[in-house]
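Take a look at the letters that make up each chain.
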Amino acid sequence: MTPAALARRIAIALLAALVIACVLIALAGASPVQALLAMAAGAFGSTQAIGAGLDRSAPYLLAGIGVALCFRAGIINIGAEGQIALGGLGATMAALSFRPGNAAEAITVALLAGALGGAAWAGLAALLHLGRGVHEVLATLLSNFVALLLVQLMLAGPLGEPGAGFLQSPPLPRAARLPLWQSIDAHPSFALGAVLAVAASILLRRTRFGFGLRVLGASRPAARYAGFREKWLVAAAMLIAGALAGLGGAVEVLGQRHRLVEGFSLGFGFRAVTVALLALLHPLATIPAALFVGFLETGAQAMQRQMGVPSALMLMLEAVTVLAVLAAARSER
Amino acid sequence: MSMDLLNAALRIASPLMLAAFGGVLSERAGVFAVGLEGMMLAGAFGAAIGSALGGGVVPGLLTAAACGAAIGLVVALVAVRARADHMVTGLAVNILAYGATSYGLRLAPSDLPTLAPLAPVGIPVLDAIPIVGPLFAQPPLTWLTALVGIIVAVFLRRTSGGLTLRATGENPEAVRAAGGWPRTVRVRAVIACGLLAGLGGAVLAWQVGRFTDNMTGGRGYLALASLIVGRWHPAGAALACIGFGLAEAFEYRLEASGVGANPYLMQMLPYLVALAVLGLVGRSARMPAAIGKPLA
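Description of the structure in this document.

Calculation rules
- Residues numbered from 1 in each chain as written.
- Chains lettered and ligands numbered in written order.
- Predicted model: local features only at pLDDT ≥ 70, side-chain atom pairs only at ≥ 80, totals over all residues.
- Heavy atoms only, no water.
- Helix = DSSP H or I, 4+ residues; strand = E, 2+ residues; numbered from the N terminus.
- Rg over C-alpha atoms; globule rule 2.2 N^0.38 Å.
- Contact = heavy atoms within 4.5 Å.
- Areas by Shrake-Rupley, 256 points an atom, 1.4 Å probe, with all protein chains shown as cover.
- Phe/Tyr/Trp six-rings, centres within 6.5 Å; stacked < 30°, edge-to-face > 60°.
- Buried < 20%, exposed > 50% of the residue type's maximum accessible area, 1.4 Å probe, protein only.
- Buried area = accessible area lost by both parts, 1.4 Å probe.
- Salt bridge = Lys/Arg side-chain N within 4 Å of Asp/Glu carboxyl O.
- Patch = residues over 30% accessible without salt bridge, like charges linked within 9 Å, V, L, I, M, F, W, Y side chains within 5 Å.

Concerning the overall build of chain B
Then comes step 1: If you tally the helices and strands in chain B, you get 11 helices and two strands.
Then comes step 2: Taking 296 residues into account, the globule formula puts the C-alpha radius of gyration at 19 Å, and chain B, at 19 Å, falls close to it.
Then comes step 3: Overall, chain B is about 60 × 45 × 40 Å in size when its C-alpha atoms are taken along their principal axes.
Then comes step 4: Long-range pairs, those at least 24 residues apart, make up 77% of the contacts in chain B between residues at least 6 apart in sequence.
Then comes step 5: Total accessible area computed for chain B in this model is approximately 12100 Å², and 68% of it derives from carbon and sulfur atoms.

Details of the packing of aromatic side chains
Then comes step 1: The full count for this structure, using the stated rule, is seven aromatic pairs over all chains.
Then comes step 2: Ring geometry for F145 of chain A against Y221 of chain B: centres 5.8 Å apart, planes inclined by 55 degrees, an arrangement best described as tilted. Remark: Y221 of chain B occurs in helix α9 (residues 219-229) and F145 of chain A occurs in helix α6 (residues 136-156); the pair is interchain, linking two chains. Across this residue pair, the class does not change: F145 of chain A and Y221 of chain B are buried.
Then comes step 3: Geometrically, the ring pair formed by F145 of chain A and Y271 of chain B is stacked, given 4.6 Å between the ring centres and 5 degrees between the ring planes. Here F145 of chain A is found in helix α6, whereas its partner Y271 of chain B is found in helix α11 (residues 263-281) on a different chain.
Then comes step 4: Here the aromatic cluster, defined as three or more aromatic residues joined through ring pairs, consists of F145 of chain A together with Y221 and Y271 of chain B.

Considerations on the interface of chain A and chain B
Then comes step 1: In this complex, chain A contributes 48 residues to the contact, which on the side of chain B involves 45 residues.
Then comes step 2: For the chain A and chain B pair, buried surface summed over both sides reaches about 3800 Å², with 82% attributable to carbon and sulfur atoms.
Then comes step 3: For the chain A face of the interface with chain B, the top three residues by lost area are L142, L149 and L323 of chain A, together amounting to 16%.
Then comes step 4: Taken together, the connections running from chain A to chain B amount to zero salt bridges.

Overview of a nonpolar patch on the surface
Then comes step 1: Nonpolar side chains collect at one region of the surface, where V19, V23 and L27 of chain A together with L107 of chain B lie side by side and expose about 360 Å² of accessible area between them.
Then comes step 2: With three residues, helix α1 (residues 3-27) of chain A is the largest single contributor of residues to the nonpolar patch.
Then comes step 3: Inspection of the secondary structure puts V23 of chain A in helix α1.

And the structure:
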């Protein structure tokens, strides 16, 4: 299929999702036109709204790049949700325990700790997959649940804020919080993601390692025959994806929440998959894909506030979009 | 082991079992059953709506089966007909079911009647045996689960339809050469999978008494792990589900006795057990050869 034909199909898929959205909004008893206008205003209506959309897109972008790399190598890593959770946990622990005077140092350490947390969690799944032959989908899926509970366990125990009544950590020290860019009312999180998307694109297209990943995705026997070390490539791809997802969790905690909160990562894993698929697994294209998903979410939330249309609508739209893209992209092979 | 604990385990296991039986059909036909979670959730929602609107158990079960089968149909269209990745398709329909049921719950009247618990039905004579007697007095839906398990096992092993289904999961080209239609077999198997998993969701809804957002909470994934641990056999899958049921029943028992085990650690247990068992089973488990491979 030519890229143009593919783009046309994806446009049709998105249009189909839009039509379904209108029907569902009408079912909820609201006017689709007004609801979509409220959504657009909520997403792009002010500098503040645009900043919020950028910040929302950032963790999806960071995690989505990693998912795209893994999928390109034929590794179905569904573990972004857990890796994001552990990234948030790692960043919080670092931010709360190190108290260096200078902000650059504190943020760097916290971000690295987040990446490390995510990579470590992905590493465990990779170990189960490569060492014990557990299918990577099951290893990553099931470990997501463990990760979520692990964060709760920490918040109920050593990391929790005493007397808060919620499962949350104490607020992070100011030095460890991401700075706010006043002019666009956003944190530098999305910019970080965009830089890493470019880096991932170069990695995939211009390096021997990236070539190995692509060969692995096309045919595992071919990769073995060509002398690539299959296990090493799989492990490396999963660790990189884990680190990226962990960074996603870290920027969410350091930039948005300013503390670790129970369930802060809920649903992020699937959005990362959505971003990767919408981008047709091209790291550079994850940038617009993440913007689409992020602004769709901030828009849908505004629509819910103003029109009372349940925000579960967004979940359905995401799922329908993914299914339509899946069907559109693969059906001619 | 006390019969109470075993009964509790059976109760917890029966929704998982129905889903796992469906999953066995799907995976033996060559389609990964990652969508079990969404099929169960849709079924639970269908049970709540169907029994409220239709007034009773039978309409509830039928609606549940239909909702589960509808999710199965989506998987069939995208993964089998359009040849998309089975895993990602499954994941997407799980989110679709989550969104659609949450949305539907908010559109439904807020005073949906609760699902009245069903009284256990005993097998005469057997349920009067000392000690093991209580095992023979089970809620009707547990009996339904056992019946479905037997039907699926007999279908797979003793009928020509079952043979074709298994062959489709191992070598679809051979099925085609023998004059069969692998694609049709897969589509039907996935829809049947949705139907059974939907019934599993209905059992769960009846146990809880009503539908709540995301009430399956990962049970579909445990059913998926069970059927792998059970090596794609209905009996093996059922045993694995009972194993998870025992772990969870034990967890509740421990909580109730106030031993003071960490609740989060206890909730992690089923997933850790699943990962550990999958790790132990490891490479010795041989999946259907053509699973996940799109048809030519």
